[in-house]
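Chain by chain, the residues run as shown.
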Amino acid sequence: MYARIGRYEVATDRIAEAEEIARKALSFVRKVPGIKAYTHMMGDDGKGLVVAVYENKAAAGAAAPLVQQFWLRFSPVLLAQPRLEEFGAVWALESFS
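Computed from a predicted structure; not experimentally measured.

Draft legend 1. Structural detail: the sheet that holds strand β1 (residues 2-9). Strand order in the open sheet formed by four strands is β2-β3-β1-β4, and the pairing between neighbours is antiparallel. On the outer flanks of this sheet lie β2 (35-42) and β4 (83-87), each paired with one strand and no other. Here the strands of the sheet are splayed against their neighbours by 15° on average, with no regard to which way each runs. Relative to strand β3 (residues 47-54), β1 is paired through eight bridges, and the arrangement is antiparallel. Note on β3: the bridge partner recorded for Arg 4 is Ala 52.

Okay, here's the thing in structure tokens:
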């Protein structure tokens, strides 16, 4: 598996707007080929984190244009461009309930 993390920040008075954009983007994210997991979180300070796990590096690469579309949805509320990081090894992907 392969992972991509996006770190971003919005003004605290726009957190609710960012949350609405994130909720609307879920249907888009679910359609990304090769995506295995997705987590999106934000702190009270407006700092957010998106974690996407893909089947492999090829799937992550093929998803790059869709990732750009995803971030375009957030552009109205972003304070700066998101900082993207990629990880070539995902050793565990667990879900606990």
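Draft legend 2. Summary view of the pattern of salt bridges. Counted by the stated rule, this structure contains five salt bridges. The salt bridge partner of Glu 86 is Arg 4, with a shortest N-O separation of 3.2 Å. Separated by 82 residues along the polypeptide, Glu 86 in strand β4 and Arg 4 in strand β1 bring together distant segments of the chain. Look at Arg 4 and you get buried, because its relative accessible area is 8%.

Draft legend 3. View of the pairing of β3. Direction of pairing for β2 relative to β3: antiparallel, over a ladder of seven bridges. Residue pairing across strands places Thr 39 opposite Val 51, the latter belonging to β3. Connecting β2 to the antiparallel partner β3 that follows it, the hairpin turn spans four residues, and Gly 46 within it adopts a positive phi of roughly 90°.

Draft legend 4. Structural context of the packing of helix α1 (residues 15-30) against helix α3 (residues 64-74). The interhelical angle for the contact between α1 and α3, taken along N-to-C directions, is 155°, at an axis separation of 9 Å. By the criterion of interaxial angle, the relationship of α1 to α3 is roughly antiparallel. Both α1 and α3 take part in a crossing whose hand is right-handed. In this structure, α1 uses Ala 18, Ile 21, Ala 22, Lys 24, Ala 25, Phe 28 and Val 29 to contact α3, whose residues at the interface are Leu 66, Gln 69, Phe 70, Arg 73 and Phe 74. When grouped by side-chain class, the residues that make up the contact of α1 with α3 number nine nonpolar, one polar and two charged.

Draft legend 5. Spatial organisation of the environment of Ile 21. Within the secondary structure, Ile 21 is located in helix α1. Looking at Ile 21, the relative accessible area reads 16%, which means it is buried. For the pair Ile 21 and Ala 58, spaced 37 residues apart in the sequence, the C-alpha separation amounts to 27 Å. Once residues lying within four places of it in the same chain are set aside, the contact partners of Ile 21 are Arg 73, Phe 74 and Val 77.

Rules and cut-offs
In this convention, every chain numbers its residues from 1, walking through the sequence in written order. Given that the model is predicted, a residue must reach a pLDDT of at least 70 before its local features are reported, and side-chain atom pairs must reach 80 or more before they are shown or counted; all residues, however, enter totals for whole chains, interfaces and linings. Here the side-chain values reflect all heavy atoms present in the structure, with hydrogen atoms and water set aside. By definition, two strands form a pair when at least two bridges between them are found by DSSP. The numbering of helices and of strands both runs from the N terminus, where a helix is a DSSP run of H or I of at least 4 residues and a strand a run of E of at least 2. Between N-to-C directions, angles cover 0 to 180 degrees, with each direction set by a line fitted to C-alpha atoms, over the stretch in contact for helices. Note on definitions: salt bridges are taken to be side-chain nitrogens of Lys or Arg within 4 Å of carboxyl oxygens of Asp or Glu. Think of it in three bands: with a 1.4 Å probe and only protein chains considered, a residue is buried below 20% of the maximum accessible area for its type, exposed above 50%, and partly exposed in between. Comment on the angle field: the value is read as roughly parallel under 35 degrees, roughly antiparallel over 145, roughly perpendicular from 65 to 115, and oblique elsewhere. Crossings are classed by handedness, with left-handed meaning an anticlockwise turn of the near helix from the far one by less than a right angle and right-handed meaning a clockwise turn. Pairs of residues are marked as contacts when any of their non-hydrogen atoms sit within 4.5 Å. Polar here means any residue other than Ala, Val, Leu, Ile, Met, Phe, Trp, Tyr, Cys and Pro, which are nonpolar, and Asp, Glu, Lys and Arg, which are charged; Gly is therefore polar.

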